[in-house]
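Take a look at the letters that make up each chain.
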Amino acid sequence: MAVSLPNDGSAGLAVRGNRLDKAYGVGRSKLRVLKSLDIQVPYGAIYGLLGPSGCGKTTLLRCILGRLRVDAGEVVVLEYPPNTPGNGVPGRKVGYMPQETALFGDFTIKEHLEYFGKLHKMSNSDIKGRLSFLIELLELPDKSRLIRTLSGGQQRRVSFAVALLQEPPLLILDEPTVGVDPLLRARIWKHLREIVTRSTTTIMITTHYIEEARQADVVGLMRNGKILAESEPNRLMQKHGFGNLEDVFLKLCQTSDNDYDDSPPRSPTNTSIQDCDVLRADEKAPLTNNTLLASSIDDYSIDSVKDFQSQGFCAMYGPSWSNVSNTAAVVYKNFSRFRRNLGLLLFQFLLPSIQIILFCLAIGGNPRDLSVSIVNKDRGMSVGSLNFNLGPLFVQSLDNKTIHKVPFDSLSEARREAHLGHTSGVIYLPENFTIDAIERFTQCTKASNSTVKGSTVTVNLDLTDEQVALMLEQAMTNAYELFLHKATSLYAKYTGNKLNPDTLGLPVEFTDPIYGDPKHATFTDYVAPGIIISISFGMAIGLTALTFIVEKKEGLLDRSWVAGVTVVEMVLAHTLTQLIVIIIQMLFLILFVMAVFDIHCKGSVALVLLLAILQGMTGMGFGLLVSSMCDTELGAVQIAMGAFYPVLLLSGILWPLQAMPTWLKYISYIFPTTHAAEAMRSIFGRGWGLSWLVVWKGYLITIGWLILLLVLSALGLKRQK
């Protein structure tokens, strides 16, 4: 329904609550916090909401601010329900100071006011003018001072300045004087009186200091989720015959206990508040100090209230479309935090590059200096006057870079060293190795079993380190191929009889590969594309998993909601901020991979960079989801780490998917990194582009996960909001 908001404040009450009910929890754990509560706050007055801790004051304020939806009853703020489009509550028409200071410790006074000024759509000149005025009014330190360097009292005054910044018609202060010294408390009340005197601003202030509430124009005495009485302090004391509010409050509490009724919430009606509370029936009278108290707002249609409150998401959480200025303000705030910590920001830019450097240096290279026990018992054979010995020739053929040869005279001694872990295996050449090898070469099919056994090199390896064992096996195979060529050449030289080494080797020939370079192919080439995906995905999780948690703990998130920021704007702003960080991170990452470590990319570098950025954005979406779900840093870290490692292990990054059980393979296909890793590997090693199914499927699934995670993040943030 279209709404035309009034242009003036002639409607009588700044805040009206009728039969408000609010409960937390469900079932047996359900706790009613507000119980058919009625409240009237006149324009241009200081309204003191007085009550003990836990009586529901903060819950009531959050309902008035539109931060909570009441279970029953109606709330009207500045003539319309909160979250009514165009009402400005939450938004620039309300200034809010929570119980906590709700300030960023690494921000300056100026940066705080600039941030909230941008949220309230104030011009730079207006922000500058209000900044100077508030610093003088509240006797604040220099505007360039960091919040964490201020005293507790100074921080409270800065928090007060944020609430006053846009000169809102409604100012809500949640226990601003708790824990402060009496001088500062008196100064705060002096400022409140000056504000009301100079303007028509309405102020709601909660406190549990009973006597300081006497300075308010109207007090509401609250206990157990109900307003016990609501009137001018002097009239309350006069009515009940006491000289202080404390005795009045005590009497009302006793009366309330005798008449206590925790019946279920009643359906909202159009009955006036005076008819509902006999304690206030004769107390409604015009206020002093130029304040206005209207007897009712019956001219305002309750049907309109119901209509606005039934508008769903837009009514409760603000417009579904993002406001560009609010998004820009949150982006400004995020980059202000980055600017304050340039060293940390630089580290974030370089951390993925540092990780890929460590990977390239530590993973995929060939092991070196692997100690192997060598027992060469070969006695050789005499050819004329010369001794022909193939045993040392085989030992020489072993790669010296890979194998550190440790000679032993005794096989038992060599095995003992291997059992002690001093060597990785034992190579044994029997006594008649040369004689039997020559006979085996020349006789081929006629060689006896004893000849075959005598010409065989026996190898015993330590298989507890499978990767080292595989490298040793490969080194042995290469050494034997080299040995055959040397042995047949040496045999031809001494005997004049030529032997073809190809007939003695394995009847298998590896020709030119379909993809890849056989001279430079390493495990690093296989793993590197997947590692790029895992680093971009994992690093983004680490950057964002604590985003909302930190802001919630500092109180800035709640204050931003009250200033009118919507869930869509908040998620979009963090997405844009992290996008810039991720782009810089991935540029450095790809540069180090390809330029420094010479890992060749046969496909488009642009496709590689784009996929890495999209994976980073997907990780960011997951981090935002974790942050929106958790209330503590420990919980967020546990979820992020617990989810990241299964994704790393099951995405085919470290080991082929074909090695997994079939059922586990299908689970791995669900993860956002699996198809992306295969696409990245195809671009790097095969040179494939978007015309290949494997590649565009990696992009499509990544984008799908990104959208899903951002939507879930918004829903999680909406739930917490």
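Residues numbered from 1 in each chain as written. Predicted model: local features only at pLDDT ≥ 70, side-chain atom pairs only at ≥ 80, totals over all residues. Heavy atoms only, no water.

1. A word on helix H3 (residues 124-137)
Stage number 1. The first and last C-alpha atoms of H3 sit 20 Å apart over 14 residues, in line with the 20 Å expected at 1.5 Å per residue.
Stage number 2. Buried within H3 are the following residues: Ile 127, Arg 130, Leu 131, Leu 134, Ile 135 and Leu 137. All buried residues of H3 fall inside an arc of 160° around its axis, so they share one side. Seen from the buried face of H3, the exposed residues on the opposite side, beyond 90 degrees, are Ser 125, Lys 128 and Glu 136.
Stage number 3. In this structure, the buried side of H3 is in contact with helix H2 (109-119), helix H4 (152-164) and helix H5 (182-198).
Stage number 4. Downstream of H3 by one or two residues, Glu 139 has phi in the positive range, about 55°. (Helix = DSSP H or I, 4+ residues; strand = E, 2+ residues; numbered from the N terminus. Expected span 1.5 Å × (residues − 1). Buried < 20%, exposed > 50% of the residue type's maximum accessible area, 1.4 Å probe, protein only. Arc of directions from axis to C-beta. Contact = heavy atoms within 4.5 Å.)

2. Digging into the packing of aromatic side chains
Stage number 1. Within the structure shown, the criterion is met by 9 aromatic pairs.
Stage number 2. Pairing Tyr 666 with Tyr 669 gives two aromatic rings, centres 6.1 Å apart and planes at 70°, and the pair type is edge-to-face.
Stage number 3. Connected via pairs of aromatic rings, a cluster forms that spans Phe 394, Phe 433, Tyr 480 and Phe 483.
Stage number 4. Residue placement shows Lys 118 over the ring face of Tyr 332; its charged tip is 5.0 Å from the ring centre.
Stage number 5. For the cation-ring pair, Arg 559 lies above Phe 116, with the distance from its terminal atom to the ring centre recorded as 6.0 Å. (Phe/Tyr/Trp six-rings, centres within 6.5 Å; stacked < 30°, edge-to-face > 60°. Lys NZ or Arg CZ within 6 Å of the ring centre and 35° of its normal.)

3. Examining helix H18 (residues 523-544)
Stage number 1. A rise of 1.5 Å per residue sets the reference length of H18, with its 22 residues, at 32 Å; its end C-alpha atoms lie 32 Å apart and thus fit the reference within 8%.
Stage number 2. Counting buried positions over the 22 residues of H18 gives 18, a clear majority of the element.

4. Here's the deal with the sheet that holds strand E9 (residues 226-231)
Stage number 1. Pairing is mixed in the open sheet, where 6 strands are placed in the order E5-E6-E7-E3-E8-E9. Edge positions in the sheet fall to strand E5 (94-97) and E9, since each has one partner strand and no second. Sheet twist, expressed as the mean angle between neighbouring strand axes with direction ignored, is 15°.
Stage number 2. As paired strands, strand E8 (residues 218-223) and E9 are joined by 5 bridges and run antiparallel to one another. Residue pairing in the sheet places Arg 223 in a bridge with Lys 226 of E9.
Stage number 3. Its contacts with the sheet place helix H1 (residues 57-64) against strand E3 (46-50), strand E6 (170-174), strand E7 (202-207) and E8, and it is angled at close to 155° to E7.
Stage number 4. Against the sheet, H4 contacts E5 and E6, and its axis sits at roughly 165° relative to E5. (Pairing = 2+ DSSP bridges. Axes fitted to C-alpha atoms, helices over the stretch in contact; angles between N-to-C directions.)

5. So, unusual backbone geometry
Stage number 1. Omega for the peptide link from Val 89 to Pro 90 comes to -5°, which places this bond in the cis form.
Stage number 2. Among the structural elements, Pro 90 can be located in the loop between strand E4 (72-77) and E5.
Stage number 3. The phi torsion at Asn 83 lies on the positive side, around 70°, for a residue other than glycine.

6. Topic: the pattern of salt bridges
Stage number 1. Per the counting criterion, the structure on display carries 18 salt bridges.
Stage number 2. Of the charged contacts, one joins Glu 551 and Lys 333 as a salt bridge, the two residues approaching to 2.4 Å between their closest N and O atoms. Here Lys 333 lies in helix H11 (residues 324-340) and Glu 551 lies in helix H19 (residues 547-554), a separation of 218 residues in the sequence. With respect to burial, Glu 551 and Lys 333 carry one shared label: buried.
Stage number 3. When the shortest N-O distance is used, the salt bridge between Glu 678 and Arg 681 registers 3.4 Å. Remark: Arg 681 and Glu 678 occur in helix H25 (residues 674-686); sequence separation between them is 3 residues, near one turn of the helix.
Stage number 4. Residue Glu 678 is classed as partly exposed on the basis of its relative accessible area of 28%.
Stage number 5. Classification of Arg 681 by relative accessible area gives buried; the value is 13%.
Stage number 6. Connected through salt bridges with shared partners, the residues Arg 62, Arg 67 and Asp 558 form a single ionic network. (Salt bridge = Lys/Arg side-chain N within 4 Å of Asp/Glu carboxyl O.)

7. Some points on the nonpolar core
Stage number 1. Phe 160, Leu 171, Leu 173, Leu 192, Ile 356 and Ile 532 are the most contacted members of the largest nonpolar core, which has 126 residues in total.
Stage number 2. Residues in contact with Leu 171, not counting those within four places in the same chain, are Gly 95, Phe 160, Ala 163, Leu 164, Leu 192, Ile 195, Thr 201, Thr 202, Ile 203 and Met 204.
Stage number 3. In terms of nonpolar packing, the next biggest core, distinct from the first, is built from 32 residues, Val 41, Cys 55, Leu 78 and Val 562 among them. (Core = buried A, V, L, I, M, F, W, Y, C linked by side-chain atoms within 4.5 Å.)

8. Digging into the side chain of Thr 84
Stage number 1. In this fold, Thr 84 is placed in the loop between E4 and E5.
Stage number 2. We classify Thr 84 as buried; its relative accessible area is 5%.

9. Considerations on empty space enclosed by the protein
Stage number 1. With the rule as written, the count across this model stands at 3 cavities of 30 Å³ or more.
Stage number 2. Its volume calculated, the largest cavity comes out at about 70 Å³.
Stage number 3. Surrounding the largest cavity, Val 94, Gly 95, Tyr 96, Phe 116, His 120, Val 162, Ala 163, Gln 166, Arg 559, Val 562 and Ala 563 form its lining.
Stage number 4. Mapped by element, the contributors of at least two residues to the lining of the largest cavity are E5, H4 and helix H20 (556-562).
Stage number 5. Per-element tally for the lining of the largest cavity: the top contributor is E5, with 3 residues.
Stage number 6. Classifying every residue of the lining of the largest cavity gives 7 nonpolar, 3 polar and 1 charged. (1 Å grid on protein atoms, 1.4 Å probe; cavity = no way out; pocket = protein on both sides within 12 Å on 5 of 7 lines; lining within 4 Å. Points joined across faces, edges and corners; volume = space filled by probe spheres on them. Nonpolar A, V, L, I, M, F, W, Y, C, P; charged D, E, K, R; others polar.)

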